[in-house]
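# Analysis of the macromolecular model
What follows is the residue order along each chain.
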Amino acid sequence: MTPTPTWVDALTAVLAVVGAFTALIGSFGLLRMNTYFRRVHPPSLVATLATWSVILATVLQSSFVTARPYLHAVVIPVFIALSAPITTVLLTRAALFRARQRGATDVPPPPTSE
Amino acid sequence: MSSIFPWALFFALGCLTLAMVFALVRMIVGPRAEDRVLAFDCLYLNTMLVILTLGLIYRSSSYFEAALLIAIFGFVASSAMAKFLLRGEIIE
């Protein structure tokens, strides 16, 4: 294990704290919003900015610790950028379907076939 | 500066733990099933970030595989639960 320069430590710490605080804000929004269709939005903050910040911190620190470029950690945010919209769309369609089954009046009606 | 470095990472770990507690509270009190699945989605992302932050603290690059596995299994689990809520069965 090679000692890392000071600026690497500082930048890693800043990126990790920004990512963790963004994850905290996103999860607090998940707790705080009052309807399901409002609650869908805040966790996407966790999937984008928080994940990218922590992964960039990992790439920076591991590149200096192992003394070679450590770029393959970027597959995690790329995979999440591909998978999070799929989960969100499936969940929102399920919630809309279940709200219509329940007879809720605050959701748009199903499209009529002409 | 390098004496502040572990404390900043412990602060990040505390923030992520509090975020996991928020997601867990939403999973417990969530009025319907889709709220619980959404809270699970947020919870596994926070868990993955906790594991990456532990890798930063211990300066080890082998925590990356665990984080990747959690991301993959979390996606499979939450999309299977969403599909179940939508259609009543997973594999048609």
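Presented here is a report on the structure given in the accompanying data block. Note that the structure is a prediction, hence the values are computed from the model and not measured.

Glancing now at the overall build of chain A. When its secondary structure is counted, chain A shows 4 helices and 0 strands. Mapped in sequence order, the helices and strands of chain A form the string α-α-α-α. Against the 2.2 N^0.38 benchmark of 13 Å for 114 residues, chain A shows a C-alpha radius of gyration of 20 Å, more extended than a compact globule. For chain A, the spread of C-alpha atoms along the principal axes amounts to about 65 × 30 × 20 Å. Taken over 114 residues, chain A has a buried fraction of 35%.

Moving on to the interface of chain B and chain A. Many analyses report the size of an interface as the accessible area lost when the parts associate. Facing the 43 residues of chain B at the interface are 49 residues of chain A. Breaking the side of chain B that touches chain A down by element, the ones donating at least two residues are helix H1 (5–29), helix H2 (33–57) and helix H3 (63–87) of chain B. Considering each element in turn, the side of chain B that touches chain A owes the most residues, 14 residues, to H2 of chain B. Split into classes, the residues belonging to the side of chain B that touches chain A amount to 29 nonpolar, 7 polar and 7 charged.

Turning next to helix H4 (residues 75–102) of chain A. Residues and elements named next belong to chain A. Spanning 28 residues, H4 covers 40 Å between terminal C-alpha atoms, matching the ideal 40 Å at 1.5 Å per step. At alanine 81, H4 shows its largest kink, close to 25°, and the proline proline 85 lies no more than four residues downstream. Every buried residue of H4 is accounted for by Ile76, Pro77, Ile80, Ala84, Thr87, Leu90, Leu91, Ala94 and Ala95. Once H4 finishes, glycine 103 follows within two positions and takes phi at roughly 85°, a positive value.

Once that is clear, we can look at the nonpolar core. Ala16 and Ala23 of chain A together with Leu16, Leu49 and Leu52 of chain B are the most contacted members of the largest nonpolar core, which totals 54 residues. For this core, the element with the most residues is H2 of chain B, which contributes 13 residues.

It is the contact of helix H3 (residues 43–65) of chain A with H2 of chain B, at a shortest axis distance of 10 Å, that shows an interaxial angle of 15°. One way to sum up the angle between H3 of chain A and H2 of chain B is to call them roughly parallel. Note on packing geometry: the crossing formed by H3 of chain A with H2 of chain B is left-handed. Note on element contacts: H2 of chain B touches H3 of chain A through Leu38, Asp41, Cys42, Leu45, Asn46, Leu49, Leu52, Thr53, Gly55 and Leu56 of chain B, opposite Pro43, Val46, Ala47, Ala50, Thr51, Val54, Ile55, Ala57, Thr58 and Gln61 of chain A.

For the rest of this paragraph, the subject is the environment of isoleucine 57 of chain B. Residue and element names in this part refer to chain B. For isoleucine 57, the position within the fold is in helix H2. Judged by local crowding, isoleucine 57 falls into the partly exposed class, with 15 C-beta atoms found within 10 Å. Here the alpha-carbon distance between isoleucine 57 and leucine 43, two residues 14 residues apart in the chain, equals 21 Å. Once you skip the residues sitting within four places of it in the chain, isoleucine 57 turns out to touch Pro6 and Leu9.

Interaxial distance between H4 of chain A and H2 of chain B falls to 10 Å at its minimum, and their mutual angle equals 165°. One element, H4 of chain A, and the other, H2 of chain B, form an angle in the roughly antiparallel class. Like other packed secondary-structure pairs, H4 of chain A and H2 of chain B cross with a definite hand, here left-handed. Packed against H4 of chain A, whose contacting residues are Thr87, Leu91, Ala94, Ala95 and Arg98 of chain A, the element H2 of chain B presents Glu34, Val37, Leu38 and Asp41 of chain B at the interface. Within the contact of H4 of chain A with H2 of chain B, the residues separate by chemical class into 5 nonpolar, 1 polar and 3 charged.

Criteria and cut-off values
Residues numbered from 1 in each chain as written. Chains lettered and ligands numbered in written order. Predicted model: local features only at pLDDT ≥ 70, side-chain atom pairs only at ≥ 80, totals over all residues. Helix = DSSP H or I, 4+ residues; strand = E, 2+ residues; numbered from the N terminus. Rg over C-alpha atoms; globule rule 2.2 N^0.38 Å. Buried ≥ 20, exposed ≤ 12 C-beta atoms within 10 Å, placed from the backbone. Contact = placed C-beta atoms within 7 Å. Nonpolar A, V, L, I, M, F, W, Y, C, P; charged D, E, K, R; others polar. Expected span 1.5 Å × (residues − 1). Bend = angle between axes of the 7 residues up to and from the residue. Core = buried A, V, L, I, M, F, W, Y, C linked by C-beta atoms within 7 Å. Axes fitted to C-alpha atoms, helices over the stretch in contact; angles between N-to-C directions. Parallel < 35°, antiparallel > 145°, perpendicular 65-115°, else oblique. Left-handed = near helix turned anticlockwise from the far one by under 90°.

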